[in-house]
Structures are given as C-alpha cells and as structure tokens.
Amino acid sequence: IRGRFDAAPLALAVGVVLWVAGFDTIYACQDAEFDLREGLHSIPARLGVARALLVARVLHVGAIAALLALYALVPLHPLYLAGVAAVAALLAWEHTLVRADDLSQVMRAFNLNGWVGLVYLAFTGAAAWLA
C-alpha cells in the first residue's frame, strides 16, 4: 500500500477480468438452452450462442489490449511481449475450437485457459526478473 493510485494494477486487473469473462462466456454457451428455458439471463441466453461467441472474442481482444497496456506502464523486459503474443495465440486457438453450430469442444477450449495462466505467469515472471 503506497497511498496512491497506480494504473499498472488496474491494467492487470482489467486484463484478467476480460480474459475470465471471455472464457466464461464460451463455457456458458453449452447451457444456453437451459438458461433460456429457466429464465436465466446469461449472455448466450440473451444474445444467442453465435453472438455470445462474438462477445467472448471481443472480451479476449480487450484482455490482450489491457495486458499490452501493462507493458507500457511497468518496466518489463521485452520477453513480456512474447508472453502476451503466446497468450493471444492460445486464446485465438480457443476460439477456433468452438462454433455456434458445434459446441462439442467447449471443454477442450475451456481447459486451454490453464495454459494461458501458466504461460502468462512464466513469461511475466521472467520479464520482471530480467528487467
């Protein structure tokens, strides 16, 4: 606690929240019919699965933008950018696995997020250490 507001923790928090919201939206697509039937107000129930997947993509693009903003705010080694690129590639792969007309790979896509977290942690830790 420093008694002041810093933008860096906010950028990191926004990046993580958008990442989680994106993969949670993908995961929620498999329950869209149930949510609709039960009157639940999930993104897939409200917008349909195709639009929900688009929302997830937008959330993940926002996550990458926030993680890139962190690089501008914190003195990190350029290796950090390679980590963000790897995260972006993993998220892009996640989005190729799930289609509105085929949700059979939702769990596979969801499970990629463990790798997203590990890759980001490893690259960020290394970039901080090298800086």
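A.B. asks: I'd like a rundown of the overall build of the chain, residues and numbers included.
C.D. replies: From N to C terminus, the chain includes six helices and zero strands. The helix and strand sequence of the chain, counted from the amino end, reads α-α-α-α-α-α. Overall size of the chain, expressed as C-alpha extent along the three principal axes, is 50 × 30 × 20 Å. Looking at the chain residue by residue over its 131 residues, the buried ones come to 35%. Within the structure as shown, the chain displays about 7,700 Å² of accessible surface, and the carbon and sulfur contribution to it stands at 68%.

A.B. asks: Lay out the packing of helix H1 (residues 7-28) against helix H4 (residues 49-73) in plain terms, naming residues and giving numbers.
C.D. replies: With their axes 8 Å apart at the nearest point, H1 and H4 run at an angle of 160° to one another. If you check the angle between H1 and H4, you find them roughly antiparallel. Here H1 and H4 pass one another in a crossing that is left-handed. Per-class residue counts for the contact of H1 with H4 are 19 nonpolar, five polar and no charged.

A.B. asks: Kindly report on the nonpolar core, identifying the contributing residues and their values.
C.D. replies: With 30 residues, the main nonpolar core has Tyr80, Val87, Val98 and Tyr120 as its most contacted residues. Elements represented by at least two residues in this core include exactly H1, H4, helix H5 (79-97) and helix H6 (106-130). Broken down by element, the residue count for this core peaks at eight residues, all from H4.

The rules behind each value
- All residue numbers here refer to positions counted from 1 along the written sequence of the relevant chain.
- Side-chain atom pairs in this predicted model are given and counted only at pLDDT of 80 or more, local residue features only at pLDDT of at least 70, and totals for whole chains, interfaces and linings cover all residues.
- The basis for the side-chain values is all heavy atoms of the structure; hydrogens and waters are excluded.
- In this description a helix means any DSSP run of H or I spanning at least four residues, a strand means any run of E spanning at least two, and both kinds are numbered starting from the N terminus.
- The classification of residues rests on relative accessible area computed with a 1.4 Å probe and restricted to protein chains. Under 20% of the type maximum is buried, over 50% is exposed, and intermediate values are partly exposed.
- For the accessible areas, the method is Shrake-Rupley and the probe is 1.4 Å, while residue cover comes only from the protein chains on display.
- Here an angle of 0 to 180 degrees is reported between the N-to-C directions of two axes, which are lines fitted to C-alpha atoms, with helices fitted over the stretch in contact.
- We call two directions roughly parallel when the angle between them is under 35 degrees, roughly antiparallel when it is over 145, roughly perpendicular when it lies between 65 and 115, and oblique otherwise.
- Less than a right angle of anticlockwise turn of the near helix away from the far helix marks a crossing as left-handed, whereas a clockwise turn marks it as right-handed.
- Classification used: nonpolar for Ala, Val, Leu, Ile, Met, Phe, Trp, Tyr, Cys and Pro, charged for Asp, Glu, Lys and Arg, polar for all others including Gly.
- Residues belong to a common nonpolar core when they are buried Ala, Val, Leu, Ile, Met, Phe, Trp, Tyr or Cys residues joined through side-chain atoms within 4.5 Å.

Read these as spatial facts, not as claims about activity.
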